[in-house]
Amino acid sequence: MLQTQTSSLSYAHQTVEETPSKVSARGVNVFYGAKQALFDVDLDVPVNHVTALIGPSGCGKSTFLRCINRMNDVVEICRVEGDIRLDEGDIYDLDVVELRARVGMVFQKPNPFPKTIFDNVAYGPRIHGLASNRDEVEEIVFTSLEKAGLLKEVRDRLSEPGTSLSGGQQQRLCIARAIAVNPEVILMDEPCSALDPIATARIEELIDELRQIYTIVIVTHSMQQAARVSQRTAFLHLGELVEVGNTEDIFTNPRDERTQGYITGRFG
Amino acid sequence: MTDSTPTIPSRSDTTQTVRNGLRRRYAAERRFKIYGVAAIGVALLMLAIMFGTIIGNGWSAFRQTYVQMDVLVDAAEIDPDGNRDPKVLSRGDYEGLIKAALREMFPDVKKRKEKRELYDLVSSGAAFDLRDEVMADPSLVGQTVSVTVHASDDVDMYMKGYISAEVAEDERRVSDKQIARIESLREQGRISTGFNLRFFTGGDSREPELAGIAGAALGSLWTMLAVLVMAFPMGVMAAIYLEEFAPKNRWTDIIEVNINNLAAVPSIVFGLLGLAVFLNFFGMPRSAPLVGGLVLALMTLPTIIIAGRAALTAVPPSIREGALGLGASRMQMVAGNVLPLAMPGMLTGAIIGMARALGETAPLLMIGMVAFIVDLPKGPLDAATVLPVQIFLWADSPERAFVERTSAATIVLLVFLILMNLGAVLLRKKFERRW
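All values derive from a computational prediction rather than experimental measurement.

Caption draft 1: Spatial organisation of the overall build of chain B. When helices and strands are counted, chain B shows 18 helices and 3 strands. In terms of overall size, chain B is more extended than a compact globule, its C-alpha atoms giving a radius of gyration of 32 Å where 435 residues would be expected to give roughly 22 Å. Overall size of chain B, expressed as C-alpha extent along the three principal axes, is 115 × 60 × 40 Å. A buried classification covers 43% of the 435 residues belonging to chain B. Taking as baseline every contact in chain B between residues at least 6 positions apart, the subset at least 24 positions apart corresponds to 76%. When the accessible surface of chain B is summed, it comes to about 23,300 Å², and 63% of that surface belongs to carbon and sulfur atoms. Averaging the positions of the 45 positive and the 45 negative side-chain charges in chain B gives two centres separated by 11 Å.

This is the structure:
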């Protein structure tokens, strides 16, 4: 019921070149106090595709990700310059609450709220007033858990605390929580870095399913993960966007020697 | 590792050095443990001595000596009209009846001085004991009633063994003749000891045997309620604003420094502030628990704010980010995610602040809560005193019987404190549902 209108217009099966941008950034500079963390980044994020941001630690990939839903607003010393558009609209013209309802986020460490599994997923719909009664909340919670591939595992324990789940389940719970708000874009900040390989594989499968409906931007330190889940990859180094292109091209035929050095493991 | 590098000690040398040092290291560890155990032992010993002294001294105040008397309730004295009108009954000369009954019991007493000594055997409250019985049952008028009345504090002290007959007569408050009469009463089985109900139900009194702690306990209760109602919400809201909403600039820095300094201001200063602002400027009633509560709330606020901020800072940032990332407004994040996690810590701060406020005397002296008040306070605007002030007042009284009452009041204060903390701990447990 919720996302049918977007899935019917899905660009998931089109090539990256034919796909319009969901998010486009132009000339993004980010400063932490006097220190500049991002230099003039231009990046387009295609609809219904997975865009991976890779690069060595401290290259600014998470910083860029957090610009898209303005999470950097919370950091007092952080200043963001440049133009970031969501569907052609400047994200700074939107109210930050509205922006974050449209651009969901999944964090590095699974961070379920200290509430029940049900309440975790119901949190977003409740604060945004997306459901007017208990039945509607339940419907959203079940749909979201289903989409996050978690429903089978937790159907009988919805009133147990979210933190009682395993790490991988917690992360899928966080994904379900993000989906429940019905966002257009989901940002994922190294979502698998705290998980074991089996849980990671499960999340990667899920990401591939989710891109039918959502546009996904994922930050990862694992090049294999970027190669597996993304259609488009951007390589950042020391705050600069070095290279962006189709994932296949980046990994098989990088144009920049820094990219080549990174993906062949010479630094990073 | 090899002989070619003599600067690095050989493996066996290293092992030997480590081995040689082991004894010294373990000895240091043992010494440290002994110091720790000794420190805790001393603390526990002092605590035991304190509780031992207070309870040992105060326990006897929970029991009281009573004298059983046969009093002729003379209708001519208290109900001359014979219509049992409660108004007339309540104004009767019951003291005269008690005195007459005493003379009846000891017909040999003739001299004025001896009479006075005889009357001093029972409390001046005995007349009220009798009146209460007659008022409750007017049919007693005209009959000889057996009433049990409070013995005077001196008799009570003698019966409890605090006054010894071996001491020279002029050095004790009970004369030889009085002792003889007490003994004769005891032989007749007229003297009994029972639970001192009056201590728990009465207000303050000049007569130790009539003095009770209920007035001060109620005063403390009203004051603490006023503190809780004002300081807790204000402190929590101030902590939330400063921690979650206020911009970090010079002004908030100044405010923070001032709050930290306020926590260390001597409490009497808050009393002076209360006197100047609440009493003199706003004209609030003197000796009222509401004003005491206001003063103590001001004193408690910094503690609650500081503890509240610490509790808010301790909430993991991932919880905040999770909520904000879903599009929660700041208020929604604070109310729905941060506050529930910070609540136990905030309650702890409130407990510490309230416990300090409960034991506070100095600021309350300034706003008149040190007055001698007999009536029980029925609300936060009635004149009242509080437990620590009551202890201070009794400790200052010369009568021997107030010594045990001082300790007994301290026991009540400690019980009050324990109950308050227990309530707070239970509340904290309720909020502390760690998942």
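Resuming the write-up.
Caption draft 2: Summary view of the overall build of chain A. Check the secondary structure of chain A and you find 11 helices and 10 strands. In terms of overall dimensions, chain A is globule-like: its C-alpha atoms have a radius of gyration of 18 Å, near the 18 Å expected for 268 residues. Looking at chain A as a whole, 56% of its 268 residues qualify as buried. The long-range fraction of contacts in chain A, counting pairs at least 24 apart against all pairs at least 6 apart in sequence, stands at 67%.

Caption draft 3: Seen up close, the sheet that holds strand E1 (residues 63-72) of chain B. Residue and element names in this part refer to chain B. Across the sheet, which stays open at both edges, the 3 strands sit in the order E2-E1-E3 with antiparallel pairing between neighbours. If you trace the sheet from one side to the other, it starts and ends with strand E2 (144-150) and strand E3 (191-195), each paired once. Direction aside, neighbouring strands of the sheet carry axes that sit 35° apart on average. Examined bridge by bridge, E1 and E2 share 7 bridges and lie antiparallel to one another. From the neighbouring strand, Tyr-66 faces E2, where its bridge partner is His-150. On the sheet, helix H6 (residues 126-136) packs against E1 and E2 and is oriented at approximately 135° with respect to E2.

Caption draft 4: Local environment of the environment of Val-185 of chain A. Residue and element names in this part refer to chain A. Of note, Val-185 is situated in strand E7 (residues 185-189). In sequence terms Val-185 and Glu-257 are 72 residues apart; their C-alpha atoms lie 31 Å from each other. Residue contacts for Val-185: discarding those within four places in its chain leaves Lys-22, Val-23, Leu-86, Arg-102, Val-103, Gly-104, Thr-215 and Val-217.

Caption draft 5: Just the packing of helix H5 (residues 112-119) of chain B against helix H8 (residues 176-187) of chain B, in detail. Residues and elements named next belong to chain B. Look at H5 against H8: their axes get within 10 Å of each other, and the N-to-C directions meet at 50°. Overall, the two elements H5 and H8 adopt an arrangement that is oblique. Judged by the sense of rotation from one axis to the other, the crossing of H5 with H8 is right-handed. Each of Glu-114, Glu-117 and Leu-118 in H5 lies in contact with H8, whose residues at this interface are Lys-177, Gln-178 and Arg-181. Residues that form the contact of H5 with H8 fall into these classes: 1 nonpolar, 1 polar and 4 charged.

Caption draft 6: Broad picture of the pattern of salt bridges. The final tally for this structure, using the stated rule, is 35 salt bridges over all chains. Connected via shared salt-bridge partners are Lys-22, Asp-87, Glu-98, Arg-102 and Glu-184 of chain A.

Caption draft 7: Molecular detail of a positive patch on the surface. A grouping of Arg-23, Arg-30, Arg-31 and Lys-33 of chain B is seen on the molecular surface, where their side chains present a positively charged patch. Residue Arg-31 of chain B is classed as partly exposed on the basis of its relative accessible area of 44%.

Caption draft 8: Looking closely at the packing of helix H10 (residues 214-245) of chain B against helix H15 (residues 330-358) of chain B. Residues and elements named next belong to chain B. The N-to-C vectors of H10 and H15 enclose an angle of 140°; their axes lie 9 Å apart at closest approach. Considering their axes alone, H10 and H15 lie oblique with respect to each other. Crossing angle aside, the handedness with which H10 passes H15 is right-handed. Looking at the contact of H10 with H15, its residues break down into 20 nonpolar, 1 polar and 2 charged.

Caption draft 9: Geometry of the interface of chain A and chain B. With 26 residues of chain A at the interface, the matching set in chain B holds 18 residues. For the pairing of chain A and chain B, the buried interface totals around 1,900 Å² over both sides, and the portion due to carbon and sulfur atoms is 60%. Contact with chain B buries surface across chain A, with Pro-114, Tyr-123 and Ile-127 of chain A losing the most and accounting together for 26% of the total. Here chain A is connected to chain B by 1 salt bridge.

Caption draft 10: Representation of the packing of aromatic side chains within the structure. For the coordinates displayed, the defined rule picks out 10 aromatic pairs over all chains. Both rings, one in Phe-195 of chain B and one in Phe-200 of chain B, keep their centres 5.6 Å apart while their planes meet at 10°; by these two values the pair is stacked. Assessed through its relative accessible area of 49%, Phe-195 of chain B is described here as partly exposed. On the basis of relative accessible area, Phe-200 of chain B is assigned to the partly exposed category, the value being 35%. What links up through ring pairs into an aromatic cluster is the set Trp-59, Phe-62, Phe-195, Phe-199, Phe-200, Trp-394 and Phe-402 of chain B. The positively charged end of Arg-177 of chain A is found above the aromatic ring belonging to Phe-113 of chain A, 4.2 Å away from the centroid.

What counts and what doesn't
Residues numbered from 1 in each chain as written. Chains lettered and ligands numbered in written order. Predicted model: local features only at pLDDT ≥ 70, side-chain atom pairs only at ≥ 80, totals over all residues. Heavy atoms only, no water. Helix = DSSP H or I, 4+ residues; strand = E, 2+ residues; numbered from the N terminus. Rg over C-alpha atoms; globule rule 2.2 N^0.38 Å. Buried < 20%, exposed > 50% of the residue type's maximum accessible area, 1.4 Å probe, protein only. Contact = heavy atoms within 4.5 Å. Areas by Shrake-Rupley, 256 points an atom, 1.4 Å probe, with all protein chains shown as cover. Lys, Arg positive; Asp, Glu negative; His and termini not counted. Charge placed at Lys NZ, Arg CZ, Asp CG, Glu CD. Pairing = 2+ DSSP bridges. Axes fitted to C-alpha atoms, helices over the stretch in contact; angles between N-to-C directions. Parallel < 35°, antiparallel > 145°, perpendicular 65-115°, else oblique. Left-handed = near helix turned anticlockwise from the far one by under 90°. Nonpolar A, V, L, I, M, F, W, Y, C, P; charged D, E, K, R; others polar. Salt bridge = Lys/Arg side-chain N within 4 Å of Asp/Glu carboxyl O. Patch = residues over 30% accessible without salt bridge, like charges linked within 9 Å, V, L, I, M, F, W, Y side chains within 5 Å. Buried area = accessible area lost by both parts, 1.4 Å probe. Phe/Tyr/Trp six-rings, centres within 6.5 Å; stacked < 30°, edge-to-face > 60°. Lys NZ or Arg CZ within 6 Å of the ring centre and 35° of its normal.

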